[in-house]
Amino acid sequence: MERVTISMSDEFAAELAAFMDDYHYDNRSEALRDLARLGLEKARIDHSTKGQCVATLSYVFNHHTRELAKRLTDAHHDHHDLQVATMHVHLDHDNCLEVAVLRGAAAAVREFSKAVIAERNVKYGQVSFVPVEMENEAHAHAHDGAPHAHSHAHLHAHPKD
């Protein structure tokens, strides 16, 4: 068995201790192994999404961290083609929650999300994928059974079954 040493904040250690009590773990190693397995399984599922997708990327960061807000904003601008909308919430005097709705090739969304989550001092990052079929609608179609026409072409994202 390989031994790994990690550092964690006092708050994280307290949260881990509470988790261990709630789930009756006898030691940190077993708790962290199980949590790591869950995280790896989620990463495997997210990594298997192919084709087009719609996704939500949510993360928390301290806006006082030097240059972090600028780096995050620059990353979003550099990938403007994936952006649908972003919501920014001030959680307290220091921390912000951002939720970005993304749309595009799953591989591009995945790589962008991984880069944001891995950015130093971003915490609680998570991405959730919805595989879709993209259809460019340039003709009349129905909404709730009623005819509907658009004067411009636009995309429809149909969730896959």
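In every chain, residue numbers begin from 1 and rise along the written sequence. Local features in this predicted model are restricted to residues of pLDDT 70 or higher, and side-chain atom pairs are both shown and tallied only at a pLDDT of 80 or more, whereas totals for entire chains, interfaces and linings draw on every residue. Excluded from the side-chain calculations are hydrogens and water; all other atoms, namely the structure's heavy atoms, are used.

Draft legend 1. Representation of the nonpolar core within the structure. Joining through side-chain atoms within 4.5 Å is the link that ties buried Ala, Val, Leu, Ile, Met, Phe, Trp, Tyr and Cys residues into a set, and such a set is a nonpolar core. Accessibility here uses a 1.4 Å probe with only protein chains present; expressed as a share of the type maximum, an area under 20% marks a residue as buried, one over 50% as exposed, and anything in between as partly exposed. In this structure, Leu57, Tyr59, Phe61, Leu72, Leu102 and Val109 are the most contacted members of the largest nonpolar core, which totals 18 residues. For this core, the elements supplying multiple residues, two or more each, are strand S1 (52-62), helix H3 (68-78), strand S3 (95-105), helix H4 (106-118) and strand S4 (122-137). Starting at the N terminus, helices and strands are each numbered in turn, a helix being any DSSP run of H or I of at least four residues and a strand any DSSP run of E of at least two. Examining the composition of this core, we find that five residues originate from one element, S1, more than from any other. Residues count as neighbours in contact if any of their non-hydrogen atoms are within 4.5 Å of one another. Leu72 has contacts with Tyr59, Phe61, Val116, Glu119 and Val122, leaving out every residue within four places of it along the chain.

Draft legend 2. Structural detail: the environment of Ala157. By secondary structure assignment, the location of Ala157 is in strand S7 (residues 154-159). Assessed through its relative accessible area of 31%, Ala157 is described here as partly exposed. Excluding anything up to four places from it in sequence, Ala157 contacts Val54, Val132, Glu133 and Met134.

Draft legend 3. Broad picture of the pairing of strand S2 (residues 83-90). Pairing between S2 and S3: seven bridges, direction antiparallel. Note that in S3 the partner of Val89 across the bridge is Leu97. Here, strands pair whenever DSSP counts at least two bridges between them. Between S2 and the antiparallel strand that follows it, S3, lie four residues.

Draft legend 4. Spotlight on the layout of surface pockets. As defined here, a cavity is a set of points on a 1 Å grid over the protein atoms alone where a 1.4 Å probe fits but cannot get out. A pocket is an open set with protein on both sides within 12 Å along at least five of seven lines, and residues line them when an atom is within 4 Å of a point. Grid points are joined across faces, edges and corners, and a volume is the space filled by probe spheres set on the points. Space inside the largest pocket adds up to approximately 480 Å³. Residue polarity is assigned by list, with Asp, Glu, Lys and Arg as charged and Ala, Val, Leu, Ile, Met, Phe, Trp, Tyr, Cys and Pro as nonpolar; anything else, Gly included, falls into the polar class. Among the residues forming the lining of the largest pocket, the class breakdown is five nonpolar, two polar and four charged. Its boundaries defined by the atoms lining it, the second largest pocket holds a volume of some 320 Å³. Lining the second largest pocket are Phe12, Leu32, Leu35, Ala36, Leu38, Gly39, Lys42 and Tyr124. If one sorts the elements of the lining of the second largest pocket by residue count, helix H2 (residues 28-48) sits on top with six residues. Tallied by class, the residues present in the lining of the second largest pocket amount to six nonpolar, one polar and one charged.

Draft legend 5. Highlighting the side chain of Glu98. Its place among the elements puts Glu98 in strand S3. For the charge count, each Lys or Arg is scored as positive and each Asp or Glu as negative, with His and the chain ends excluded. Think of a salt bridge as a Lys or Arg side-chain nitrogen and an Asp or Glu carboxyl oxygen that are within 4 Å of each other. Of the buried charged residues, Glu98 lacks a salt bridge, with Arg71 as the closest side chain of opposite charge at 12 Å. For the purposes of these results, a polar contact is taken to be a pair of N or O atoms within 3.5 Å, where, inside protein, one atom must be able to donate a hydrogen and its partner to accept one; residues adjacent in sequence count only when each atom of the pair is a side-chain atom. A polar side-chain atom of Glu98 sits 2.7 Å from a polar atom in the side chain of His88.

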